[in-house]
Structure formats: C-alpha cells, structure tokens
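What the coordinates show
Spelled out, the chains give:
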2 protein chains.
Amino acid sequence: MTSQTELNQYPSEHNHNQCVNVALSTAQSLCNQRGVLLTTIRYQVLSLIWESHKAVKAYELLDRLRPLQAAAKPATIYRALDFLIEQGLIHRVESLNAFVGCRCSDQQHEQLLFICKLCEQVDERPATDVMTALLDESKQAGFLVHSKAIEIHGICANCSTKVGTT
Amino acid sequence: MTSQTELNQYPSEHNHNQCVNVALSTAQSLCNQRGVLLTTIRYQVLSLIWESHKAVKAYELLDRLRPLQAAAKPATIYRALDFLIEQGLIHRVESLNAFVGCRCSDQQHEQLLFICKLCEQVDERPATDVMTALLDESKQAGFLVHSKAIEIHGICANCSTKVGTT
DNA sequence: GTTCTGATGTAATAATATAACAATTACCTA
DNA sequence: TAGGTAATTGTTATATTATTACATCAGAAC
Ligand SMILES: [Zn+2]
Ligand SMILES: [Zn+2]
Ligand SMILES: [Zn+2]
Ligand SMILES: [Zn+2]
C-alpha cells in the first residue's frame, strides 16, 4: 500500500472529491470577500470544470451544462468562463482553447502549465525559478509584463511511468 | 543621429527590407537543404507574414493572398502555414491565434515571445536562462517536454519609451 | 413602488480551423 | 519520352470556437 505522500501529484488514485471541495469552497469564500456573485450558473460551470484535472472545451461544458440549465447557450458558457477567469478561479489554456480549474486561486499565481498529451491532465506549478529568470529577461528586454502564458506540452510523470513499465 | 546599434531591436526606423531578405533567403536555402518545396504559394504566404513583425491572422493572410492567388481558400492558407511551421520558418502565437515569422529558423530555437499590446510586434528571444530553469522544473516534475509555448504580453521597450516621453 | 445595476435569455453571426475528395504538378524511373 | 508515384493544390462543405446586440429578469438602493 503506497502512502499518499509517495504518490505523484495527481495519481489516478487520488482523492479527487477533496480537490473539488477545496476548489468550490475557496471559490465561494473568495467571491464573498470580493463582493461578487458566484451565481448558480457560475458555480455549476466551475463544478463541471472541476470534474477532472483535464482542460475542458467551452462547447463540451455547454453540453454538460444543458441538463442543468436548459436555456444554456454559448453566451451562457462564455460569460461564466469570463467571470471565473477574472476571479482567477480557472485558467484558459491558450494552446488548447480550453479551460482548467486553478488550484491556487487564493495565492499569487504566476503559473506554468504542464499539459500531458496522454492523460490530458494539466498540472499547474508556481515554478518560481522560471518566473525569476523570466523577470530578468523581461528587464533586459525593457519589456513591461502584463500577463504570461507558459504552456508546456509533453508526457507527465504518471503517464511516463505507465509507458515505462508496460 | 542615433546609430543602428544603439536602437532597440525593432525600432520603427529599422531596415525591414533586410529582415525580409534574410528571412526569405534563409527559408529558401533551408528548404533546398531539406529537399522540401518552398512553392510559390508557400513563398507568398511567408512573404506576407514578413510584411511586419506583427502576428498575422490566417484569414487576414487569406485576404492578402487572394490578389496573388485568385483561387485561395482557407485550406490554401492553413496548408501553407502548416508547412511553414513544420519547417520552423514561422511560429504560431497560441494566445492570439496568429502567426509570426521566425528570425532564427536556422538555429536551435526554444523561443520565448514578447508580444506588445500597443504596437502588436512580436519579439522572439532565446532566453536561455528561462529555458534552463524550465528544464530544471520539468525534471523535478518528472515531465517529459515535447513542445513549449511561452508567450508574454505587455508593452515593449519602444512603446514604453514613447508613452514615457509623451 | 421606482430606479439602477448586474445577470441571464435569445438570436444571429463572426472568426478560426479541418475534412474529404478531385485535379494537377513534380519527380523518378523504365 | 512515357508511365507511375507522391506531393501539392483546387474545391466544397462543414466543424469548432467566440462575440455582438438587444431583450428580459432579479435584487439592491432609494
Ligand atoms: Zn483531483
Ligand atoms: Zn499524463
Ligand atoms: Zn524588420
Ligand atoms: Zn510595442
């Protein structure tokens, strides 16, 4: 029996209910603090995104929202996504045109995304050394940074283990 | 009179004909070396992309190609873009759904893109320190990197100078 | 209750990208 | 030079992603 701490960050066996609970309750308190509304639709979309650690497409979310909100249209989804991004509760994965839950919405986040081609899971990391190097590079270039998209595609630790042991 | 070397990398006054000539002749020789065809359409699309250092949208390229290729359709453009990307002659800017010429197609390039919100120009940099830090981070995460998209949005040196002195 | 604001409903359309198959061209070899 | 093969392009249709505009609704402020 492997202990939780010995496992990778997102082993298939991990307790995902906990991920979801933390994400949703953090979202709720952040919205309360900020005086913005985590409406039913927004909450449902956030929940749908959190069904896995994969990046989800907008129209896939729409399909999955419709059973809950019969009137849902593209605008419904995109509005909810815009709100969730503004509040830092999700990230847009630019290179996939997809969306993934943020695991550190209550922290500073200058994140880097590792995106696995096999399991499609997205792993968000602070990567402070990378960010520091990036800050230096920006200064050297005289470039004033507003936002960053750092998206690394490849094979995650879990999947390469599986491939290796097969 | 400011000398060329004192100026920023892409001052508005720079000799862009030289950028274009270098890019197109490099492209031609790389394709020759590799035994792939830089056909008329591909060459024309590459030339259109190199009309500036801005990232260009596919359908904008299509509009600009049509006077030269009356039969041009979306597939025409996307095929040419696919070819140019495969050959490392252009980059896709994921966060803009747009395309920009590569200034170092003959080198190793693990590039980082600085994208200016004001002048829209894209500046490609090797940023070796960033790449090293990224390599470390990937190793720590046990992540096997296939490709990267590192896109930094903000205000470039030229534009912030202009804003500053206005 | 009225007014204001933010959220949602609804319809249409814009913008980005791909698939499938036919026709043509380039290139190799007999 | 003819014939065969693979790569390129033509052509049509369609899929996917995203936005705009305007109407309606619900809750807070007055
Ligand atoms: Zn989880
Ligand atoms: Zn994986
Ligand atoms: Zn130039
Ligand atoms: Zn600029």
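The sections below set out a description of the structure shown in this document.

Parameters and conventions
Residues numbered from 1 in each chain as written. Chains lettered and ligands numbered in written order. Predicted model: local features only at pLDDT ≥ 70, side-chain atom pairs only at ≥ 80, totals over all residues. Heavy atoms only, no water. Least-squares fit on C-alpha atoms with pLDDT ≥ 70 in both. Contact = heavy atoms within 4.5 Å. Salt bridge = Lys/Arg side-chain N within 4 Å of Asp/Glu carboxyl O. Helix = DSSP H or I, 4+ residues; strand = E, 2+ residues; numbered from the N terminus. Buried < 20%, exposed > 50% of the residue type's maximum accessible area, 1.4 Å probe, protein only. Donors = N, O, S within 2.8 Å, 3.2 Å for Na, K, Ca; no water. Tetrahedral: all angles 85-135°; square planar, octahedral: opposite > 155°, others 65-115°. Buried area = accessible area lost by both parts, 1.4 Å probe. Polar contact = N/O pair within 3.5 Å; in protein donor to acceptor, adjacent residues only side chain to side chain. Nonpolar A, V, L, I, M, F, W, Y, C, P; charged D, E, K, R; others polar.

Turning our attention to the relation of the copies chain B and chain A. Between the two chain copies there is a screw-like relation: a rotation about an axis and a shift along it. For the match of chain B to chain A, the screw axis carries a shift of 0.0 Å, the RMSD comes to 0.0 Å, and the turn is 180°. In the structure described here, the two chain copies are related by an operation that fits a two-fold rotation axis. Among all residues of chain B, the one whose C-alpha sits closest to the rotation axis is Ile150(B), at a distance of 2.2 Å. Of the residues that chain B buries at the interface, 100% are likewise interface residues in chain A, meaning the two copies contact each other through the same surface.

As a further point, take the pattern of salt bridges. Under the definition given, this model contains 14 salt bridges over all chains. Here Arg125(B) and Glu137(A) are joined by a salt bridge, their closest N and O atoms 2.9 Å apart. Residue Arg125(B) is located in strand β4 (residues 122–125), and its partner Glu137(A) is located in helix α5 (residues 128–141); the two belong to separate chains. Like Glu137(A), Arg125(B) is buried. Where Glu51(B) meets Arg64(B), a salt bridge forms, and the shortest distance between an N and an O atom there is 3.0 Å. In this pair, Glu51(B) sits in the loop between α2 (40–49) and α3 (58–65) while Arg64(B) sits in helix α3, placing the two residues 13 residues apart along the sequence. For Glu51(B), a relative accessible area of 49% translates into the label partly exposed. Judged by relative accessible area, Arg64(B) falls into the partly exposed class, the value being 25%. Ionic contacts of the salt-bridge type, sharing partners, join the residues Arg103(A), Asp123(A), Arg125(A) and Glu137(B) into one network.

Once that is clear, we can look at the coordination of the zinc ion (ligand 2). All names here are of chain A. For the zinc ion (ligand 2), the full set of protein donor atoms is Cys116 (SG), Cys119 (SG), Cys156 (SG) and Cys159 (SG), at a range of 2.2 to 2.3 Å. Each of the four donor atoms bound to the zinc ion (ligand 2) contributes to angles spanning 105 to 113°, and the resulting shape is tetrahedral. Within one chain, the residues donating to the zinc ion (ligand 2) are spaced in sequence as C-x2-C-x36-C-x2-C. Of this pair, cysteine 116 sits in strand β3 (residues 112–116) while cysteine 159 sits in helix α6 (residues 157–165), and the two are 43 residues apart along the sequence. A single burial state applies to cysteine 116 and to cysteine 159, both of which are buried.

Of the residues lining the interface, 34 residues belong to chain B; the matching set on chain A comes to 34 residues. A combined buried area of about 2,900 Å² lies between chain B and chain A, and 63% of that area is made up of carbon and sulfur atoms. If you sort the residues of chain B by the area they bury against chain A, Phe114(B), Glu137(B) and Phe143(B) come out on top, with a joint share of 20%. Linking chain B to chain A there are two salt bridges. On the surface where chain B and chain A come into contact, there are 14 residue pairs in polar contact (both at pLDDT 80 or more). Element by element, the count of residues in the side of chain B that touches chain A is highest for strand β5 (residues 144–155) of chain B, at 12 residues. Split by residue class, the side of chain B that touches chain A holds 18 nonpolar, nine polar and seven charged.

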